[in-house]
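Given next are the chains, with one letter for each unit.
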Amino acid sequence: MKLIIAEKPSVAKSIASALGAASRADGFYEGNGLIVSWCVGHLVSPMDAASYDERFKKWRYDDLPILPEPFRYVLAPGKEDAFYNLRSLMNRADVDSIVNACDAGREGELIFRLVYGMTGCTKRVERLWISSMEDSAIREGFSELRPGSDYDALYHSSLCRQKADWLVGINATRLFSVLYHRTLNVGRVQTPTLAMLVERDGRISTFKKEKFHHVKLDLNGVEVLSQRFQHLSQAQSALVNCSESEVICTSVTKEQKKENPPKLYDLTTLQREANRIFGYTAKQTLEYAQSLYEKKLLTYPRTDSRYLTADMEETATVLVHLAAKLPPFDTCSNFYPLVALTISDKDVTDHHAIIPTMEIEKANLKILPVGERNLLLLVCCKLLCAVANPHIYDVVTATFECGGYDFTVKGKRDFVEGWQEIHRIFRSSLKDAPEDEDTAGDFPEFTQGQTFHDVKVTICERFTAPPKPYTEDTLLSAMETAGKEDMPEDAERKGLGTPATRAAIIEKLVAAGFVERKGKSLIPTKDGINLVTVLPDSLKSPVLTAEWEQQLTAIARGEADPDTFTDGICDMVRELVKKYTGISEEGQKLF
């Protein structure tokens, strides 16, 4: 008999239902020669420092660095019953093999392996690896179980990630907290992320805005602007010259542009657009997406791929037609989907892009919570846009002469609306359409040699603008590309953290009081700015953290040695403790 272990009770229920394990008992389902049970997230955690040695209960400089060898693990508080349930099921005489059905990713692998190791179980392990919770996907995945050992490299990668976070977090937090006499939380990924926020905030706070002026002509309801004048007197002089003069159109140029359909969503782009359109935090978006995944309406959300595989082309075609029947997309003009645009086997790693599932045909979307419904329709919109025709438009530049001064205006005219039609229909169905919509308006037809008389001429005052504070949208983008210019061109994973962890990093910074939300903006607090001020570059560097992420990916592919990575982290921690033995007077004043 096989024992299948899922990551959550709701997932176990779906697996049991799909595979015919219909009989419910206390802590598991049984039937059809199968037992299906579950973890509740992480059941096993790394031991805290104080449990290794009594003296580590107090935070002292002399006890640093703390480098456990070997690392030891304990049961997560409050989850003991779930662990004992799994251990007793693993020890059942009639169970001859275990199926790891935890989420198909780095963290899911770690959750299962730590439980399996803690129980002392030695029975054969197989791996269920699926991207959708639909019954058909579960059954297909179960018919193609892989040996658990195929995922050893992924496990080593996740273990290295956990050890690195523990080593840097425990040692750097204790070191700088002891030096500054207050708790200063330092993290392998969260500190470089905070540093980016502080750097942007510094540029905003030191920005000195400068005033400038334009002379403005009103032509057929369109604002046409002169060059920039630094001084008001220059603009006033131009105004006098233009007030009595006719306006002549000196040139009209058209440049045709083609905007190809967007790629499908990975988790980061979904979180970014949901923040921009709905104002959802990255954490909210992940929670909504995870819930839709468990309700079988969305594929696995923790993916960093934006393509589908060739064997999905037929399924994707059916999905496109199902999505096109949903309001508001049922008002779109007929289009012939180009599904091949979304296919690229080489660009799919552990999981394909996020798309809806076949269940959208039967589901009543009206009864979904509003956040989940919005997110599902956003994913459907992206699927339809991704297979539509390109958006083709003309960029029109018209120049004018008046009173010896040149004036210019630019506008857009749609030639083929293409995928932008779907995008526009979806946005107009929302109560609050975002401000950043760039639509091709009714730009007037200007012709060379055309003249205008009695034109209204005014001066408008403008200011240079500071950089904008980060929003979750722009911060996620910055995290994704951090250190990119210093990484090799073929690096598979760049940036800070992974799509699955970035939301949690932002939430940690807010919870620790280093960052606060003001509307959509993320602003570092005084404590956050001070923390970044006192920490060394090695802990703030996005390049270093991006390099670590790249090494973890190489370990997951079996191309790098886990011990070498962990040794490198230990060396960095030793160097840190050795270098920072005291603080300056200025540093003391900060806290």
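In what follows, the structure referred to is the one given above.
Residues numbered from 1 in each chain as written. Predicted model: local features only at pLDDT ≥ 70, side-chain atom pairs only at ≥ 80, totals over all residues. Heavy atoms only, no water.

**Student:** Just to check I follow, could you spell out the overall build of the protein chain for this structure?
**Tutor:** Within the protein chain one finds 20 helices and 18 strands. With respect to the principal axes defined by its C-alpha atoms, the protein chain has extents near 100 × 70 × 40 Å. A buried classification covers 52% of the 591 residues belonging to the protein chain. Taking contacts inside the protein chain between residues at least 6 apart in sequence as the whole, the part at least 24 apart equals 78%. Computed over 72 positive and 85 negative side-chain charges, the separation of the two mean positions in the protein chain equals 4 Å. (Helix = DSSP H or I, 4+ residues; strand = E, 2+ residues; numbered from the N terminus. Buried < 20%, exposed > 50% of the residue type's maximum accessible area, 1.4 Å probe, protein only. Contact = heavy atoms within 4.5 Å. Lys, Arg positive; Asp, Glu negative; His and termini not counted. Charge placed at Lys NZ, Arg CZ, Asp CG, Glu CD.)

**Student:** So what exactly am I meant to see when it comes to unusual backbone geometry here?
**Tutor:** Excluding glycine, residues mostly have negative phi values, and the peptide bonds linking residues are mostly trans. Omega for the peptide link from E69 to P70 comes to 0°, which places this bond in the cis form. Positionally, P70 belongs in the loop between α2 (49-52) and β6 (73-75). Following P327, the chain continues into P328 via a peptide bond in cis, with omega recorded as 5°. Along the chain, P328 turns up in the loop between α11 (313-324) and α12 (370-386). Of note, H181 is a non-glycine position whose phi angle comes to about 60°, a positive value. Inspection of the secondary structure assignment puts H181 in the loop between α6 (152-180) and α7 (190-205). We classify H181 as exposed; its relative accessible area is 69%. A positive phi angle is found at K296, which is not glycine, with a value near 70°.

**Student:** Hey, could you run me through a negative patch on the surface in this one?
**Tutor:** On the surface, E69, D561, D563 and D567 cluster together to form a negatively charged patch. Along the chain, D563 turns up in helix α19 (residues 562-579). (Patch = residues over 30% accessible without salt bridge, like charges linked within 9 Å, V, L, I, M, F, W, Y side chains within 5 Å. Areas by Shrake-Rupley, 256 points an atom, 1.4 Å probe, with all protein chains shown as cover. Salt bridge = Lys/Arg side-chain N within 4 Å of Asp/Glu carboxyl O.)

**Student:** Just to check I follow, could you spell out the sheet that holds strand β9 (residues 146-147) for this structure?
**Tutor:** Strand-to-strand pairing in sheets goes through backbone hydrogen bonds, with the strands running parallel or antiparallel. An order of β2-β3-β4-β1-β7-β8-β9 is seen for the seven strands of this open sheet, with the pairing classed as mixed. Looking along the sheet, the strands with just one partner apiece sit at the ends: β2 (23-25) and β9. Sheet topology note: the strand β3 (residues 28-31)/strand β4 (residues 34-38) ladder contains three bridges and is antiparallel. Bridge pairing in β4 links E30 to I35. Relative to the sheet, helix α1 (residues 9-19) contacts β1 (2-6), β3, β4 and β7 (97-101), its axis offset from that of β4 by approximately 165°. Along the sheet face, helix α3 (residues 80-90) touches β1, β3, β4 and β7 and points at about 160° away from the line of β4. (Pairing = 2+ DSSP bridges. Axes fitted to C-alpha atoms, helices over the stretch in contact; angles between N-to-C directions.)

**Student:** How should I be thinking about the nonpolar core in this particular structure?
**Tutor:** Inside soluble globular proteins, nonpolar side chains tend to come together where they are buried. By size, the foremost hydrophobic cluster in this structure holds 55 residues, and its most contacted members are F176, L194, M196, L475, L539 and F565. Among the secondary structure elements, those contributing two or more residues to this core are α2, α6, α7, α14 (472-481), α15 (502-511), α16 (526-534), α18 (542-556) and α19. Considering every element that reaches this core, the biggest residue donor is α6, with 10 residues. Sequence-distant contacts of L475, that is, excluding residues within four places in its chain, are made with T193, M196, L197, Y470, I506 and L522. (Core = buried A, V, L, I, M, F, W, Y, C linked by side-chain atoms within 4.5 Å.)

**Student:** Teacher, can you tell me more about the packing of aromatic side chains here?
**Tutor:** The geometry of an aromatic ring pair comes down to the distance between the two centres and the angle between the two planes. The full count for this structure, using the stated rule, is 16 aromatic pairs. Summarising the aromatic geometry, the rings of Y52 and W166 are spaced 6.1 Å apart at their centres and angled 75° between planes, so their arrangement reads as edge-to-face. In this pair, Y52 sits in helix α2 while W166 sits in helix α6, placing the two residues 114 residues apart along the sequence. Of the aromatic side chains, those joined through ring pairs into one cluster are F400, F443, F446 and F452. (Phe/Tyr/Trp six-rings, centres within 6.5 Å; stacked < 30°, edge-to-face > 60°.)

**Student:** Please clarify how the sheet that holds strand β15 (residues 451-452) should be interpreted in this entry.
**Tutor:** Strand order across the open sheet formed by seven strands is β15-β12-β13-β14-β11-β10-β16, with antiparallel pairing between neighbours. Here the strands that pair on one side only, and so sit at the sheet edges, are β15 and β16 (456-463). Where strand β12 (residues 247-259) meets β15, two bridges bridge the pair, whose relative direction is antiparallel. Each residue of the ladder has a partner; that of V247, found in β15, is F452. In the packing of helix α8 (residues 232-243) onto the sheet, contacts are made with β10 (211-219), β13 (391-402), β14 (405-416) and β16, and the angle to β16 comes to roughly 165°.

**Student:** I'm lost on empty space enclosed by the protein in this one. Help?
**Tutor:** On inspection of all chains with the given rule, the structure shows two cavities of 30 Å³ or more. For the largest cavity, the calculated volume is near 70 Å³. Class assignment of the residues belonging to the lining of the largest cavity gives a composition of 10 nonpolar, no polar and two charged. By volume, the second largest cavity is sized at about 30 Å³. Lining the second largest cavity we find V168, G187, R188, S538, L539, L544, T545, W548 and M572. Here the lining of the second largest cavity takes three residues from α18, the largest share from any one element. Its residues placed into classes, the lining of the second largest cavity shows five nonpolar, three polar and one charged. (1 Å grid on protein atoms, 1.4 Å probe; cavity = no way out; pocket = protein on both sides within 12 Å on 5 of 7 lines; lining within 4 Å. Points joined across faces, edges and corners; volume = space filled by probe spheres on them. Nonpolar A, V, L, I, M, F, W, Y, C, P; charged D, E, K, R; others polar.)

**Student:** I tried to follow the pairing of strand β18 (residues 521-524) on my own but got confused; where do I start?
**Tutor:** For a regular strand, side-chain orientation follows a simple rule: the groups alternate between the two sheet faces. Burial along β18 is two-sided: the residues S521 and I523 and L522 and P524 are all buried. In this structure, strand β17 (residues 515-518) lies alongside β18, joined through four bridges in antiparallel fashion. Each bridged residue has a counterpart across the sheet, and for R517 the counterpart in β18 is L522. From the end of β17 to the start of β18, which pair antiparallel, there are two residues, and G519 there has a positive phi angle of about 65°.

**Student:** Got a minute to help me understand α3 in this structure?
**Tutor:** All of the buried residues along α3 are A82, F83, N85, L86, L89 and M90. Buried residues of α3 fall within an arc of 160° about the axis and therefore sit on the same side. (Arc of directions from axis to C-beta.)

**Student:** Where do I start with the pattern of salt bridges in this structure?
**Tutor:** When charged atoms on two side chains of opposite charge get close, those side chains can pair. The full count for this structure, using the stated rule, is 40 salt bridges. Taking the shortest distance from any N to any O, the salt bridge between R182 and D527 comes out at 3.3 Å. Of this pair, R182 sits in the loop between α6 and α7 while D527 sits in helix α16; the two residues are 345 residues apart in sequence, bridging distant segments of the chain. We classify R182 as partly exposed; its relative accessible area is 33%. Owing to a relative accessible area of 25%, D527 belongs among the partly exposed residues under this scheme. For the salt bridge of K283 with E287, the shortest nitrogen-to-oxygen distance reads 3.1 Å. A residue pair is termed a helical-turn pair when its members lie 3 or 4 positions apart in one helix, as K283 and E287 do in helix α10 (residues 282-294) at four residues. One salt-bridge network, in which partners are shared between bridges, spans R106, E107, R161, D165, R188 and E549.

**Student:** Explanation requested: the environment of L184 in the structure shown.
**Tutor:** With respect to the secondary-structure elements, L184 resides in the loop between α6 and α7. With 13 residues separating them along the chain, L184 and N171 place their C-alpha atoms 11 Å apart.

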